Amino acid sequence: MRHRHLPTLALALGIAVLLDVLRVWLPSVITLFGRAAETPAELLGAFALGWFLLALAAPALVRRVGAAPVGLVAAGVLAAARLALTAQPGGPAQLWLACAGLLAGLVWLAATAASVPRPVTGLALGLAGNAVGHALLGTEDLVWRGGMLGWSLSALLVLAFLAASVAVRRERAVASAAGPSPSAALPVQDSSPTAAGRRAWLLCGPALLLANQIALAPAVWSAADGTGSPDFPGLARDGGGSVLGVYAVGLFLAGALYRQPFRLARVLWPAALIAGTVLFVSGRLWPAYLVTAVGLGGCLALTDAVGAADADPDGRAAARRGRAAVVGMLVFAVATVAYYAAYDLGYPNGWVPVAAAVLVALVAFTAPSRLAPVLPEPVRTWLLVGLAGLVGLTAQTHVLHADPVSGSRPTSVRVTAYNIRMGFGLDGRLDLDALARELRGADIVLLSEVDRGWWLNGGHDTLALLAGRLEMPYVFAPAADPVWGDAVLSRFPARSGQTRPLTAHGAPTGAQALGVTLDLGGRELAVVATHLQPPPGRDPVEQAREVAEFAGRYAAGRPLVLGGDLNTEPADPAFAEFTRAGLVDALAPARPLRTSPADDPRTQIDHVFVSPGLTATEVRAPRTEASDHLPVTLTVTLP
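What you are looking at is a predicted structure, and each value in this text was computed from that prediction instead of being measured. (Residues numbered from 1 in each chain as written. Predicted model: local features only at pLDDT ≥ 70, side-chain atom pairs only at ≥ 80, totals over all residues. Heavy atoms only, no water.)

1. Let's talk about the overall build of the protein chain
1) Next: If you tally the helices and strands in the protein chain, you get 21 helices and 13 strands.
2) Next: Taking 26 Å as the expected radius of gyration for a compact globule of 639 residues, we find that the protein chain reaches 26 Å, a close match to that expectation.
3) Next: Projecting the C-alpha coordinates of the protein chain onto the three principal axes gives extents of approximately 90 × 45 × 45 Å.
4) Next: Long-range contacts, defined here as pairs at least 24 residues apart, represent 79% of the contacts in the protein chain between residues at least 6 apart.
5) Next: Carbon and sulfur atoms make up 62% of the accessible area of the protein chain, which totals about 22600 Å². (Helix = DSSP H or I, 4+ residues; strand = E, 2+ residues; numbered from the N terminus. Rg over C-alpha atoms; globule rule 2.2 N^0.38 Å. Contact = heavy atoms within 4.5 Å. Areas by Shrake-Rupley, 256 points an atom, 1.4 Å probe, with all protein chains shown as cover.)

And the structure:
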């Protein structure tokens, strides 16, 4: 590789490593520091933002010590933290390792910005490459996988990043000793007094947010696939991963690496980006990520310019770029915290991705005319085709192979209801194998707190990963937003379904009731999965009444099983709404059956109800710390 492209390669690899650390840091803040909403949202937000505020000192450090030594040391710490996290320590060690890696990553970013005036190509390749890797892994990070695969590929990524960083420093040292020459310009420079590279660096943070929340999020691609059908309006059945992810990566790279007519692009790309975020907020996932992808790539390309000021003999332009990079990451942090704090504080959050898109669009719209691309034509084409083609493999390699049991007429079914806390155990680790062990043997599974791409939790499709381990098809219904809600997995064919959003009644997080009709060898069983969200300090009695009424109408005289995290105890008014509707408490024979918290169960807030005529036996709540709740399992004998 020609030495002038080494900074682009190092930046792309560094972005991939930083994103891996963020995918651990974000859920660690929630599950370990936040303890699943036990810590006040204001304190949690202050802790998260504090690390980004601390990084505001990085540009001054870079200017005083020098970009090369600071960048190399920060890269080493970032790489070491990334490898240490692969050991999956869990608990406080995981949280503080992730914090150290994050801070090192922010310092590395500031040092890199000081020496790389044109970051768009490296940033785009880093975002796209990380998305492709995440898709190939089925959205389960190497950090959480461990084992030979996790360690080998993690070490390969980290070593490549460190080797590229060392090579860049060596090339710069040689170029500095030789004096100014055309070959010493590591990124392509330009003498036109048009614009400064700090525009592109300012967009680094918002671009990371929009790419990983919407455009380049393989879990969102998967969640969007299979959504809506004549029998399941508004519900997502298993689709096995979206082929449209190929187009998302291709459109993003085409927008970022290729130059369109400037006057048209200045209007088209910002408009597309804003439109894509609006589509996402409205729940139209697959057009949202496609339109956002091309708009984000194009907006980044609009800022890919550098002027004479960036020759920078006194270092002022380098310092400005470093500050822009850190401020951009602070925008990323504020937007991320603001979006997800809404589920604790109760304000509308749809404006957050739209506001981030407006910021990117304004910076891109006001950018000066652009320079020629950093990479030559053959390289750009091969990168675009190669990365998009790799995504196409995921649509084939991660298809769920599960054949529902048909033709048999069982006399009983094994049912499990489980709040899985997005797949994270009490130790803060994503451990889907532990969850799968608790669910194996069940014929019907009702899941609460199902995450299909929340960036706050690392962007995993927890439902598809869990269903793959269990080899059970699933039906998903969104609640809080399009990628977070409830699900039903079953070994029997699902014939139809219906979802009903529940009125908030003052609760900060949205809720729904999901009804699915299962074919048990010629007779039908109605199943309803829900997760009630109580208003602060109140019992969710209004939502309980809505679910009970919905379940009665949906069952229409058929046998019914209803369950989930109901956030109410047997003596509470909300619990009485279900028995008042004629349903039978299936867990009563085993009471007291405490289910929360998992490490010291004191309350029973997870329940299963059945219609009269169904008999419940073998009721259990096995002890496990795979979530903050215990699962409840029972055998339901059919009439």
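2. Focus: the environment of Val-385
1) Next: Within the fold, Val-385 resides in helix α17 (residues 377-397).
2) Next: On the basis of relative accessibility, which here comes to 49%, the residue Val-385 falls in the partly exposed class. (Buried < 20%, exposed > 50% of the residue type's maximum accessible area, 1.4 Å probe, protein only.)

3. Focus: the pattern of salt bridges
1) Next: Following the criterion strictly, the structure yields 19 salt bridges and no others.
2) Next: Its salt-bridge partner being Arg-469, residue Glu-140 comes within 3.1 Å of it at the nearest N-O pair. With Glu-140 in the loop between α6 (120-136) and α7 (142-145) and Arg-469 in helix α19 (residues 462-470), this residue pair connects regions lying 329 residues apart in the sequence.
3) Next: What makes Glu-140 buried here is its relative accessible area of 7%.
4) Next: Residue class for Arg-469 comes out partly exposed when judged on its relative accessible area of 22%.
5) Next: Of the charged contacts in the structure, one is a salt bridge between Glu-577 and Arg-580, with a shortest N-O distance of 2.8 Å. Here the residue Glu-577 and the residue Arg-580 both occupy positions in helix α21 (residues 573-580), the gap between them amounting to 3 residues, near one helical turn.
6) Next: Through salt bridges that share partners, Glu-140, Arg-145, Asp-433 and Arg-469 make up one connected network. (Salt bridge = Lys/Arg side-chain N within 4 Å of Asp/Glu carboxyl O.)

4. Remarks on the nonpolar core
1) Next: Of all hydrophobic cores here, the largest spans 156 residues; its most connected members are Trp-25, Leu-127, Phe-252, Leu-447 and Leu-489.
2) Next: Of the residues forming this core, the biggest block, 18 residues, is contributed by helix α1 (residues 6-33).
3) Next: Ignoring anything within four residues of it in the chain, the contact list for Leu-489 reads Asp-443, Ile-444, Val-445, Leu-447, Leu-463, Ala-467, Leu-470, Met-472, Pro-473 and Tyr-474.
4) Next: Among the nonpolar cores identified, the runner-up in size contains 32 residues, and Leu-446, Val-516, Leu-520 and Leu-587 belong to it. (Core = buried A, V, L, I, M, F, W, Y, C linked by side-chain atoms within 4.5 Å.)

5. A word on the packing of helix α2 (residues 41-54) against helix α15 (residues 316-345)
To describe two helices that pack against each other, one gives the angle between their axes and the distance between the axes.
1) Next: Contact geometry of α2 with α15 gives a least axis separation of 9 Å together with a crossing angle of 170°. Relative to α15, the element α2 lies roughly antiparallel. Contact with α2, carried on its side by Ala-41, Glu-42, Gly-45, Ala-48, Leu-49, Phe-52 and Leu-53, involves Val-326, Met-329, Leu-330, Phe-332, Ala-333, Val-334, Val-337, Asp-344 and Leu-345 of α15 and no other residues of that element.
2) Next: Its residues placed into classes, the contact of α2 with α15 shows 13 nonpolar, 1 polar and 2 charged. (Axes fitted to C-alpha atoms, helices over the stretch in contact; angles between N-to-C directions. Parallel < 35°, antiparallel > 145°, perpendicular 65-115°, else oblique. Nonpolar A, V, L, I, M, F, W, Y, C, P; charged D, E, K, R; others polar.)

6. Notes on the environment of Val-132
1) Next: By the element assignment, Val-132 lies in helix α6.
2) Next: A relative accessible area of 2% means that Val-132 is categorised as buried.
3) Next: The spacing of Val-132 and Asp-461 is 329 residues in sequence and 15 Å in space, taken between C-alpha atoms.
4) Next: Aside from chain neighbours lying at most four places away, what touches Val-132 is Val-249, Leu-387, Leu-390 and Val-391.

7. Topic: the sheet that holds strand β7 (residues 511-520)
1) Next: One open sheet holds the 6 strands; their spatial order is β6-β7-β8-β9-β11-β10, and the pairing between them is mixed. A strand with exactly one partner marks an edge of an open sheet, and here the two such strands are β6 (494-502) and β10 (584-585).
2) Next: The sheet contacts of α21 involve β9 (560-565), β10 and β11 (606-610), and relative to β11 the element is tilted by about 15°. (Pairing = 2+ DSSP bridges.)

8. Some words on the confidence of the model for the protein chain
1) Next: Of all residues in the protein chain, 92% have pLDDT values of 70 or greater, and the mean over the chain is 89.
2) Next: In the predicted structure, residues 181-195 sits below a pLDDT of 50 and forms 40 contacts with residues beyond four places in sequence or in another chain. (pLDDT = per-residue confidence, 0-100.)

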